[in-house]
Amino acid sequence: MKKFIWLFALFITACGGDIVSDNSSSSNSSGIYTAPILSGDYVEKPATSIVVKSNSFSDDTNSLIELSPNVSALVEAVLQPVAVKNASFFEVTSMQKKDFLTTTSCHTSLPYSTCSTTFTYKPYCSGTDFTYLKLQADKSAPVIITVAGHSDAFADNCSKYQLDNVTLSTDKASHRFTYPGETFYFTLKADKEIPEGFSYSTNGALNGFYYSYACFAGDNTCTGFAQFLGKVGQFECRGETTHSFKIYADPFSTKGHTPVTITLYGAGTGRDENYPCQMK
């Protein structure tokens, strides 16, 4: 275990990413996150929804916030039903843009029932720009928060800084794990220069795997890792399992972009047939 931590720290240092491992931590920059200790029970007490609350929502669906320059909004998220204290499966994606400061604890705290996010709009281009937060856990549908800001005070139009037809590529698109705890590292490259100030992070756990990656923190690459936990929530899981996820240059506006698909394979050593690694 000490060897893994040392190697992982070395990887993060080499790639220039941020690492957040405390489940109460917040991040205001895109980073790579260590695997949490998942304690949920996906058989008996799964989360069925995520409720988001804010005084700043602009619509009845609690999905849109419209901010004026130099104004902030706080959004809180809670797993439902209330009796659920921990999630077994989850995924969080948060975006950072030059004109939006996003500070969130959801990457590390959502698996433990609650988290919060603060958005602050500080414009540097004219027109309407957007930032996003996506949350999902257990059997909940994805919750996407859209934050919009508008300004007419600058010469540059915000459309100049949007991504257009970006293709990602990698030389490591799949990995077969041989034991629980094994870690697979990957790097993706974009075929175009990414506008300054555009970045995002994703981390999640599903089918006995944990994955975390960060894109475009000052360059045109994504770096990340996947780990085979061999667990689903608090239980050692059993049997062969696989998980594939697509990485887009812009996870919230995928049209026209060509993603990389990362495919993971593993086999859990658990003995209880009630806890298969592959989610059904």
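Above this text sits the structure in question.
Chains are numbered independently. Their residues run from 1 in the order of the written sequence. Where totals are concerned, whole chains, interfaces and linings use all residues; where local detail is concerned, this predicted model gives features only for residues with pLDDT of at least 70, and gives and counts side-chain atom pairs only at 80 or more. Calculated side-chain values reflect all of the structure's heavy atoms, with hydrogen atoms and water omitted.

J.: Mind laying out the pattern of salt bridges, listing which residues take part and the relevant values?
T.: Close approach of charged atoms lets side chains of opposite charge pair. Should a side-chain nitrogen of Lys or Arg be within 4 Å of a carboxyl oxygen of Asp or Glu, the pair is scored as a salt bridge. Applying the stated criterion across every chain, the model contains four salt bridges. Across the salt bridge formed by Asp129 and Lys97, the nearest N and O atoms sit 2.8 Å from each other. Of this pair, Asp129 sits in strand 9 (residues 127-137) while Lys97 is found in the loop between strand 6 (90-96) and strand 7 (100-104), placing the two residues 32 residues apart along the sequence. By relative accessible area, which is 14% here, Lys97 ends up buried. Segments assigned H or I by DSSP are reported as helices when at least four residues long, segments assigned E as strands when at least two residues long, and all are numbered from the N terminus. A 1.4 Å probe rolled over the protein chains alone gives each residue an accessible area, and that area as a share of the maximum for its type sets the label: buried under 20%, exposed over 50%, partly exposed in between.

J.: Explain unusual backbone geometry to me, using residue names and the numbers behind them.
T.: Cis geometry marks the peptide bond from Gln80 to Pro81; its omega dihedral reads 0°. Among the structural elements, Pro81 can be located in the loop between strand 5 (71-80) and strand 6. Although it is not a glycine, Asp138 sits at a positive phi angle of roughly 45°. The residue Asp138 is located in the loop between strand 9 and strand 10 (143-151) in this model. The exposure class of Asp138 is buried, given its relative accessible area of 9%. Despite not being glycine, Phe216 has its phi angle at roughly 65°, a positive value. With respect to the secondary-structure elements, Phe216 resides in the loop between strand 15 (209-215) and strand 16 (221-228). Accessibility expressed as a relative area gives 3% for Phe216, which makes it buried.

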